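Residue-level structure breakdown
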Amino acid sequence: MAPYQPGKPISEVARELGLVEADIVKLASNENPLGASPKALEALRAAAAEIARYPDGNGFALKASLAKFHGIDPESIVLGNGSNDVLELAALAFLCPGTSAVYAQHCFVVNRLATQARGAEGIEVAARDFGHDLQAMQDAVRADTRVIFVSNPNNPTGTFVPADQVRSFVERVRRDILVVLDEAYYEYLAPQQQSASVGWISEFPNLLVTRTFSKAYGLASLRVGYGLAHPAIADLMNRVRQPFNVNSAAQDAAIAALEDADFLSRSVKVNKAGMKQLEAGFSELGLEWIVSHGNFITARVGDAQRVFRELLQRGVIVRPIGAYGMPEYLRISVGVESENGRLLEALAAVMQAS
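Quick caveat: nothing in here was measured; it's all calculated off a predicted structure. (Residues numbered from 1 in each chain as written. Predicted model: local features only at pLDDT ≥ 70, side-chain atom pairs only at ≥ 80, totals over all residues. Heavy atoms only, no water.)

**A few points about the overall build of the protein**
Rules: By the criteria applied, helices consist of DSSP H or I runs no shorter than four residues and strands consist of E runs no shorter than two, each listed in order from the N terminus. Our radius of gyration looks at C-alpha atoms and nothing else; its globule reference is 2.2 Å times the residue count to the power 0.38. Only protein chains enter the accessibility calculation, which uses a 1.4 Å probe; a residue is then buried when its area is under 20% of its type maximum, exposed when over 50%, and partly exposed in between. Two residues form a contact once any of their heavy atoms are found within 4.5 Å. For accessible areas, the Shrake-Rupley method is used with a probe of radius 1.4 Å. Any residue's cover is judged against the shown protein chains and nothing else. This count recognises Lys and Arg as positive and Asp and Glu as negative, with His and chain-terminal groups excluded. Charge positions are represented by NZ for Lys, CZ for Arg, CG for Asp and CD for Glu.
Along its length, the protein carries 13 helices and 13 strands. The globule rule puts the C-alpha radius of gyration for 354 residues at 20 Å, and the 20 Å found for the protein is close to it. If one aligns the C-alpha atoms of the protein with their principal axes, the spans along those axes are about 55 × 50 × 40 Å. Across the 354 residues that make up the protein, the buried fraction comes to 53%. A fraction of 73% describes how many contacts in the protein between residues 6 or more apart in sequence connect residues 24 or more apart. Of the roughly 15300 Å² of accessible surface on the protein, a fraction of 52% belongs to carbon and sulfur atoms. Computed over 33 positive and 39 negative side-chain charges, the inter-centroid distance for the protein is 1 Å.

Laid out in structure tokens, this is it:
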């Protein structure tokens, strides 16, 4: 079992290569290039006065805001230290030695790590066009299967399964199996692609939908995500949740971010423009890429580790994904126009030199 490998931080690259931090462009961790909502920053400053106090362990105010936003009961909400914490809680509550979990090839690595950490067996199902093959995943279910992980859109490939197919899949799954629908990149979907997955919870008591404030809402360093499920499922997960797993500043900033629709809209707009810019650049360079529905794009560059290292030398950080079984690909986060331009310029130089 190998530890999770995050994207390289700017400070580390600056130290290792003798670069100036301000000159480095980081497009490795799917962060919001606009930063955070001004309302969230204001809430964060106000929260600093109370850092000597423990946070509300139940997250009453944040749950109330989320309940209103989604139109669900607060008892259906599980708060997490990022949505990956919610994935871990699902595995902790429902997996153990002698059970199994099903997930797709090239899916978010935490699904596999959380399964291994519980001593359960992971069943990896071959991807179809770099995405989830839901029928094959259903066929892979065994008598001892207790959890199925579905990342939609998927990280690191950016693939997306239409809502009607996901719903049909959930309908067919045995009710003693928890379906974990990871929607960390939901906000970046086109309006016609956004599903009513939260509303499905009232129909399917074995469904858990996870969301995060780390991506479109720009609160990555605060680590706050959440899960939405039937109250009975949420209750089981809250029993194994660490106390105070979401700090006060994160809770207050998340409440404010949820109320800033203008910032969210601007973030999505910038991402859409940046995605087009990167796709056009890849096309000019003759590179293949996987159509993405997130805030990142995965391109085939050949020897990805070599290209990654040479981009680092030029002050551009991206993400090699050989650990996901894709050694020829780099995952590149969408930045603002100048950052995308810097990446494309550096990539052109590296590819021409090879």
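**Quick look at the sheet that holds strand β12 (residues 319–320)**
Convention followed: The rule for pairing is simple: two strands pair if DSSP sees at least two bridges between them. Under this scheme, a helix contributes an axis fitted over its contacting stretch, all axes are lines through C-alpha atoms, and angles between N-to-C directions fall in the 0 to 180 degree range.
One open sheet accounts for four strands, arranged β9-β10-β13-β12; its pairing is antiparallel. Where the open sheet ends on each side, the last strands, each with one partner, are β9 (288–290) and β12. In the sheet, strand β10 (residues 296–300) pairs with strand β13 (residues 329–333) via five bridges, with the strands oriented antiparallel. Across the sheet, F296 pairs through a bridge with S333, a residue of β13. The strands that helix α11 (residues 261–285) touches are β9, β10 and β13; relative to β10, the one it contacts most, it runs at about 10°. Of the strands in this sheet, β12 and β13 touch helix α12 (residues 304–313), which is tilted by about 40° from β13.

**Describing the nonpolar core**
The test is simple: Definition used in this section: a nonpolar core is a set of buried Ala, Val, Leu, Ile, Met, Phe, Trp, Tyr and Cys residues joined via side-chain atoms within 4.5 Å.
Core analysis: the largest hydrophobic core is formed by 82 residues, its most contacted members being M137, L207, F213, L219 and M237. The contact partners of M237, leaving out residues within four places of it in the chain, are V78, V86, L89, A90, A93, F94 and L208. Core analysis: the next-biggest nonpolar cluster, separate from the first, contains 29 residues, L278, I317, V334 and L343 among them.

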